[in-house]
Amino acid sequence: MSLNKNLAVAFAVALVAAHTVMAQPTARTAYPTKPIRLIVSSGAGGGLDFVARQVATPLSESLGQTVVVDNRAGASGSIAAEVASQAAPDGYTLMFLSASLVVYGIVNKTRYDLFKDFDPVSQVAAAPYMLAVTPGLPVKSVKELVAHAKSAPAKLNYASTGQASFAHLATELFAASTGTQFTHIPYKGVGAALPDMISGRTQLAFLSMGSLYSHVRAGRLKGIAVATPARVKMAPELPTLIESGVPGYVVTQWHGMLAPRGTPRPVIDRVQRDIVKAVQRPEVVSRLAMDGTEAIASTPGEFGTFLRSEREQWSRAAKMANLTLNR
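Below you will find a few notes about this structure. Values in this document were obtained by computation on a predicted structure and should not be read as measured data.

Conventions adopted
Residues numbered from 1 in each chain as written. Predicted model: local features only at pLDDT ≥ 70, side-chain atom pairs only at ≥ 80, totals over all residues. Heavy atoms only, no water. Helix = DSSP H or I, 4+ residues; strand = E, 2+ residues; numbered from the N terminus. Contact = heavy atoms within 4.5 Å. Areas by Shrake-Rupley, 256 points an atom, 1.4 Å probe, with all protein chains shown as cover. Lys, Arg positive; Asp, Glu negative; His and termini not counted. Charge placed at Lys NZ, Arg CZ, Asp CG, Glu CD. Core = buried A, V, L, I, M, F, W, Y, C linked by side-chain atoms within 4.5 Å. Buried < 20%, exposed > 50% of the residue type's maximum accessible area, 1.4 Å probe, protein only. Phe/Tyr/Trp six-rings, centres within 6.5 Å; stacked < 30°, edge-to-face > 60°. Axes fitted to C-alpha atoms, helices over the stretch in contact; angles between N-to-C directions. Parallel < 35°, antiparallel > 145°, perpendicular 65-115°, else oblique. Nonpolar A, V, L, I, M, F, W, Y, C, P; charged D, E, K, R; others polar. Pairing = 2+ DSSP bridges. Salt bridge = Lys/Arg side-chain N within 4 Å of Asp/Glu carboxyl O.

**Comments concerning the overall build of the chain**
Working step 1: Counting its regular elements, the chain contains 11 helices and 10 strands.
Working step 2: Put simply, 77% of the contacts in the chain that link residues at least 6 apart link residues at least 24 apart.
Working step 3: As presented, the chain carries roughly 15,200 Å² of accessible surface, and 56% of it is formed by carbon and sulfur atoms.
Working step 4: If you average the places of the 32 positive and of the 21 negative side-chain charges in the chain, the two averages end up 3 Å apart.

Below, the structure is given as structure tokens:
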């Protein structure tokens with residue numbers, strides 16, 4: 001009787017264990033089984049939100065579950081990052097970010113660490129930055145702008161989207177690279193900065209091409225150069241900063257996706273593969289191109305390496321701007 005009882009118990013335990021193993025969803029076969037929250041580190045209607053939504057729709061189709069966009073604006077994306085860093089690392093919360101969030105963490109204390117609390121998934125897109133000047137400024141090239149600025153140090157005002165913003169550091173990087181000095185006029189966003197630039201209160205700015213180029217085409221601003229490795233299709237007439245005598249000057253407002261640290265690698269790989277498919281769709285490529293944005297997909301490793309290089313570049317730029325770094 002005792003032997004039979006022990007055998008029965010052993011059989012029952014084995015049966016439960018087998019059922020448990022079979023019931024556990026694997027990232028490869030069962031993910032996802034419910035909607036996925038995509039936290040976007042900006043408000044609705046902005047450039048980052050636009051890109052996120054262009055990717056969310058095809059991701060929903062390929063993953064077989066709805067990807068719900070959750071906009072969390074504020075503090076250059078820091079509010080979104082804090083929320084995402086506290087989410088369970090199960091693949092059901094992802095974060096969509098831009099370069100601005102890397103810059104913010106360099107000069108501000110945060111309750112998360114972008115490089116310790118997240119795993120990279122993929123870069124998704126990149127929007128070129130361009131240098132534009134007010135029509136009344138008597139320059140037509142980078143060379144002429146540099147000469148004009150050196151003849152009157154700190155007399156030219158440049159607009160940015162805020163203190164320690166991406167646009168602020170991009171201009172300081174340009175100034176340090178060319179041996180020039182400008183006076184910084186920070187604004188609360190692109191919408192506030194452009195009227196003063198068009199009117200001539202500020203004379204130049206580094207901003208995204210999507211923000212500036214329509215004004216350049218209309219003659220309200222003068223395009224001087226783009227901050228990309230090669231000329232862009234949207235404005236092939238504009239030279240690069242590198243062509244114009246500023247070696248190595250490349251600035252893009254990129255967009256990418258992160259997952260909370262510890263998210264299973266098979267889940268990250270699945271999402272990354274579907275991002276590649278999404279950004280290769282002709283309709284996605286076309287819609288992004290209308291805003292001057294290029295669709296890009298990278299591996300998690302490539303994106304991680306890129307993030308570290310971005311932190312190094314903008315840390316140097318912050319020092320050039322005499323900003324106190326977050327240590």
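**Some remarks on the nonpolar core**
Working step 1: Counting 75 residues, the largest nonpolar core has Phe-174, Tyr-249 and Trp-314 as the members making the most contacts within it.
Working step 2: Not counting chain neighbours up to four residues away, the residues in contact with Trp-314 comprise Val-103, Ile-106, Phe-166, Leu-169, Ala-170, Leu-173 and Val-251.
Working step 3: One finds Val-40, Ala-259, Ile-268 and Leu-288 within the second-largest nonpolar core, a separate group that totals 29 residues.

**Quick word on the packing of aromatic side chains**
Working step 1: Summed over the entire model, instances satisfying the criterion amount to 10 aromatic pairs.
Working step 2: With centroids separated by 5.8 Å and ring planes inclined at 85 degrees, the aromatic side chains of Trp-254 and Phe-303 adopt a geometry described as edge-to-face. Taken together, the residues Trp-254 in strand 9 (residues 252–260) and Phe-303 in helix 11 (residues 300–320) connect sequence positions 49 residues apart. In this structure, Trp-254 and Phe-303 share a single accessibility class: buried.

**Thoughts on the packing of helix 2 (residues 47–63) against helix 10 (residues 282–290)**
Working step 1: Contact geometry for helix 2 and helix 10: axes closest at 11 Å, N-to-C directions at 175 degrees. Our classification of the angle between helix 2 and helix 10 gives roughly antiparallel. Contact residues: helix 2 offers Phe-50, Val-51, Gln-54 and Pro-58, while helix 10 offers Val-284, Arg-287 and Leu-288.
Working step 2: Its residues placed into classes, the contact of helix 2 with helix 10 shows 5 nonpolar, 1 polar and 1 charged.

**A few points about the pairing of strand 7 (residues 204–208)**
Working step 1: Of all 5 residues making up strand 7, 5 are buried, and the element is well covered by its neighbours.
Working step 2: With 5 bridges joining them, strand 4 (residues 118–133) and strand 7 adopt antiparallel strand pairing. Each bridged residue has a counterpart across the sheet, and for Tyr-129 the counterpart in strand 7 is Ser-208.
Working step 3: Note that strand 5 (residues 157–160) and strand 7 share 2 bridges and pair parallel. Looking at the pairing, Tyr-158 lines up with Leu-204 of strand 7.

**Examining helix 8 (residues 209–217)**
Working step 1: Considered for burial, the residues of helix 8 that qualify are Met-209, Ser-211, Leu-212, Tyr-213, His-215 and Val-216.
Working step 2: Looking at the buried residues of helix 8, the elements they touch are strand 4, helix 7 (190–199), strand 7 and strand 8 (222–226).
Working step 3: Gly-219 sits one or two positions beyond helix 8 and adopts a positive phi of about 85 degrees.

**Some thoughts on the environment of Gly-189**
Working step 1: Assignment of secondary structure puts Gly-189 in the loop between strand 6 (183–186) and helix 7.
Working step 2: What makes Gly-189 partly exposed here is its relative accessible area of 22%.
Working step 3: Sequence spacing of Gly-189 and Ser-160 is 29 residues, and the spatial spacing of their C-alpha atoms is 7.7 Å.

**Remarks on unusual backbone geometry**
Working step 1: Here the amide bond leading from Tyr-31 into Pro-32 is cis, since omega sits at -5 degrees, within 30 degrees of zero.
Working step 2: By the element assignment, Pro-32 lies in the loop between helix 1 (2–23) and strand 1 (36–40).
Working step 3: Unusually for a residue other than glycine, Ala-154 sits at a positive phi of about 65 degrees.
Working step 4: Looking at where Ala-154 falls in the secondary structure, it is placed in the loop between helix 5 (142–151) and strand 5.
Working step 5: Even without being a glycine, Ala-164 presents a positive backbone phi close to 65 degrees.

**A word on the pattern of salt bridges**
Working step 1: All told, the structure shown has 12 salt bridges when counted by the stated rule.
Working step 2: Here Arg-111 and Glu-82 are joined by a salt bridge, their closest N and O atoms 3.3 Å apart. Of this pair, Arg-111 sits in the loop between helix 4 (99–107) and strand 4 while Glu-82 is found in helix 3 (residues 78–85), placing the two residues 29 residues apart along the sequence.
Working step 3: The partner of Lys-277 in a salt bridge is Asp-274, with the nearest N and O atoms 3.7 Å apart.

**A look at the pairing of strand 4**
Working step 1: Summarising burial for strand 4: 15 of the 16 residues are buried, a large majority.
Working step 2: Relative to strand 9, strand 4 is paired through 9 bridges, and the arrangement is antiparallel. Paired with Asp-119 across the strands is Ala-259, a residue of strand 9.
Working step 3: Alignment of strand 4 against strand 10 (residues 294–295), held across 2 bridges, turns out to be antiparallel. Opposite Ala-126, over in strand 10, you have Glu-294 as the bridge partner.
Working step 4: Across 4 bridges, the pairing between strand 4 and strand 8 is antiparallel. The residue bridging Met-130 from the neighbouring strand is Val-226, located in strand 8.

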